[in-house]
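Remarks on the overall topology
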Amino acid sequence: MKNFLVKTIANAGALGVAIWLLKDITLTGDNTGRQALSLILVALVFGVVNVVVKPVVKLLAFPLFILTLGLITLVINALMLLLTSWLAGKLDLSFEVDGFGTAVLGGLIVSIVAWALHVVLPDDKD
């Protein structure tokens, strides 16, 4: 349970950095509390997408991993971010990613920041 909470916090922080850096990734809300709640909920949706959908996509794209020497990961991360944006829209969360290029940059930012936060934050293995 602690590991799940740490990963959700790391995802929320990484998504927050992407929202802050890229003007085409937006999170709107009436006030700061509502935005924080939306960010946590979007991080949960992002975590579920990464646990359920991403392994299937990676398995199906395995030949492309070999062919592109792993660079297809950028595209897959962008697609997961776009899927999260779509699901957030369906769940009435105020998170939106505008365009594939923005999703690629956002996916790269989220990956780097989430990795850094996972290194810093404690988990069940400590």
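Quick caveat: nothing in here was measured; it's all calculated off a predicted structure.

Attention now moves to the nonpolar core. Membership of the largest hydrophobic core comes to 30 residues, with the highest contact counts inside it found for Leu15, Ile25, Leu81 and Phe95. When residues of this core are traced back to their parent elements, those giving at least two are α1 (2-21), β1 (25-27), α2 (32-60), α4 (72-90), β2 (95-97) and α5 (100-120). Those residues in contact with leucine 81 that lie beyond four places of it in its chain are Leu15, Ile25, Phe46, Phe95, Val97, Ala103, Gly106 and Gly107.

Time to look at the UniProt feature "transmembrane region" (unreviewed entry) in the chain. Mapped onto this numbering, the UniProt entry annotates "transmembrane region" (unreviewed entry) at residues 5-22, 34-53, 60-88 and 100-121. Structurally, residues 60-88 comprises 86% helix and 0% strand, and the distance from its first C-alpha atom to its last is 25 Å. For residues 100-121, helix accounts for 95% and strand for 0%, while the C-alpha atoms at its two ends are 30 Å apart.

Criteria and cut-off values
Residues numbered from 1 in each chain as written. Predicted model: local features only at pLDDT ≥ 70, side-chain atom pairs only at ≥ 80, totals over all residues. Heavy atoms only, no water. Core = buried A, V, L, I, M, F, W, Y, C linked by side-chain atoms within 4.5 Å. Buried < 20%, exposed > 50% of the residue type's maximum accessible area, 1.4 Å probe, protein only. Helix = DSSP H or I, 4+ residues; strand = E, 2+ residues; numbered from the N terminus. Contact = heavy atoms within 4.5 Å. UniProt positions renumbered as here; feature names shortened; annotations may be inferred.

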